[in-house]
Amino acid sequence: MTTSIAAVPLANDWIELEPLSPAHLAELDAAVSEPDELFRWVYIWRPGPDGLAGPLERALAAAAHGEVVPWAIRRRADGQVVGSTSYLDVDAANRRVEVGATWIGPAWWRTEVNTATKLLVIGHAFETLGLERVALKTDHLNVRSQRAIERLGAVREGVLRHHMRRSDGSWRDTVYYSILRDEWPGVRTRLEAALGGV
């Protein structure tokens, strides 16, 4: 079990995860279309007048303080950067992280990208870092995300009411899920089976 959790390059047959850097900005901006729909739920990445420069800078600052572990997602089939994912709520002492702040450009929705990304980041957490728990959370209104998390085999733990503010100032209730170390083999089998059909 490692005592530090940092972004390292990760890869499988479908994607490469590259530690997020300022060099990814142009490619991340190019992956964005329909920003209102894309960042409706992952609003910490919502573009400003300067595109994703502000969110990228904030993610890198949080990474420098050990608060998040962010990656850029590169699709191997075409070499394009198609989004980002992170470890949040990093707690090495208690052997846990949350997988979140994940967004994928709409051109790559319903492709192998999200499943392959989850296989990499959750697998890295359990198999390399030796963690005990991986959490995932989503807005209670984001039913599509809840169904996707449930398809992984994650266990729904409950709802934190008025947990955080949305970008429009309204209160968000947050649905929490988790996968424990002993549950990972079954989750991995589900993910690999889904990718086998790609």
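Quick caveat: nothing in here was measured; it's all calculated off a predicted structure.

Engineer: Help me understand the sheet that holds strand β3 (residues 69–75) in this model?
Structural biologist: Strand pairing in a sheet takes place through backbone hydrogen bonds and is either antiparallel or parallel in direction. Reading across the sheet, the eight strands line up as β1-β2-β3-β4-β5-β6-β8-β7 and stay open at both edges, with mixed pairing between neighbours. Strand pairing shows two members of the sheet lacking a second neighbour, β1 (10–11) and β7 (155–165), which therefore form its edges. Against the sheet, helix α4 (residues 113–128) touches β1, β2 (15–19), β3, β4 (81–91), β5 (96–104), β6 (133–139) and β8 (171–180), its axis set at about 160° to β5.

Engineer: Could you clarify how one ought to interpret the nonpolar core in this entry?
Structural biologist: One broad rule of soluble globular proteins: the nonpolar side chains tend to lie buried together. Core analysis: the biggest nonpolar cluster contains 50 residues, and Leu17, Leu28, Trp45, Tyr87 and Ile122 have the highest contact counts within it. Ignoring any residue separated from it by four or fewer positions in sequence, one finds Leu28 in contact with Leu20, Trp45, Leu52, Leu56, Val81, Gly83 and Trp103.

Engineer: Can you help me understand the pairing of β2 in this one?
Structural biologist: Look at any regular strand and the pattern is simple: side chains alternate between the two faces of the sheet. Bridge count between β1 and β2: two bridges; the pairing is antiparallel. Across the sheet, Leu10 pairs through a bridge with Leu17, a residue of β2. Remark: three residues form the turn of the hairpin made by β1 and β2, two consecutive strands paired antiparallel.

Engineer: Explanation requested: the packing of aromatic side chains in the structure shown.
Structural biologist: Given two aromatic rings, one states the distance between the centres and the angle between the planes to describe the pair. What the rule picks out here adds up to two aromatic pairs. When the ring of Trp71 is compared with that of Tyr87, the centres are 5.0 Å apart and the planes differ by 90°; the resulting orientation is edge-to-face. Within this pair, whereas Trp71 is found in strand β3, its partner Tyr87 is found in strand β4, the two being separated by 16 residues in sequence. Residue Trp71 shares its accessibility class with Tyr87, and that shared class is buried.

Engineer: What is the right way to look at the side chain of His124 in this model?
Structural biologist: Position of His124 relative to the elements: it lies in helix α4. On the basis of relative accessibility, which here comes to 9%, the residue His124 falls in the buried class. When neighbours within four sequence positions are excluded, His124 is seen to be in contact with Val8, Leu10, Tyr87 and Leu129.

Engineer: Sorry if this is basic, but what is going on with the packing of helix α5 (residues 143–152) against helix α6 (residues 184–196) here?
Structural biologist: In a packed pair of helices, the relevant descriptors are the angle between the two axes and the axis-to-axis distance. Between α5 and α6, the least distance of the axes is 8 Å, while the angle of their chain directions is 110°. On the basis of their axis angle, the class for α5 and α6 is roughly perpendicular. Along the contact surface, α5 presents Glu150, Arg151 and Leu152, while α6 presents Val187, Arg190 and Leu191. Taken together, the residues that form the contact of α5 with α6 break down as three nonpolar, no polar and three charged.

Engineer: When you look at α6 in this model, what are you seeing that I'm missing?
Structural biologist: Taking 1.5 Å of rise per residue, the 13 residues of α6 would be expected to cover 18 Å, and the 18 Å separating its terminal C-alpha atoms lies within 8% of that figure. For α6, the full list of buried residues reads Trp184, Val187, Leu191 and Leu195. One side of α6 holds all its buried residues, which, seen down the axis, span an arc of 75°. The exposed residues of α6 that point more than 90 degrees off its buried face are Ala193 and Gly196. The inward-facing, buried residues of α6 contact α4, α5 and β8.

Engineer: Help me out: how do you make sense of unusual backbone geometry in this one?
Structural biologist: Most peptide bonds adopt trans geometry, and most residues besides glycine take a negative phi value. Look at Arg95: it is not a glycine, yet its phi comes out positive at around 55°. Tracing the sequence through the fold places Arg95 in the loop between β4 and β5. Here the phi dihedral of Arg110 falls at roughly 60°; this positive angle occurs in a residue that is not glycine. Summarising the element assignment, Arg110 is placed in the loop between β5 and α4.

What counts as what
- Residues numbered from 1 in each chain as written.
- Predicted model: local features only at pLDDT ≥ 70, side-chain atom pairs only at ≥ 80, totals over all residues.
- Heavy atoms only, no water.
- Pairing = 2+ DSSP bridges.
- Helix = DSSP H or I, 4+ residues; strand = E, 2+ residues; numbered from the N terminus.
- Contact = heavy atoms within 4.5 Å.
- Axes fitted to C-alpha atoms, helices over the stretch in contact; angles between N-to-C directions.
- Core = buried A, V, L, I, M, F, W, Y, C linked by side-chain atoms within 4.5 Å.
- Buried < 20%, exposed > 50% of the residue type's maximum accessible area, 1.4 Å probe, protein only.
- Phe/Tyr/Trp six-rings, centres within 6.5 Å; stacked < 30°, edge-to-face > 60°.
- Parallel < 35°, antiparallel > 145°, perpendicular 65-115°, else oblique.
- Nonpolar A, V, L, I, M, F, W, Y, C, P; charged D, E, K, R; others polar.
- Expected span 1.5 Å × (residues − 1).
- Arc of directions from axis to C-beta.

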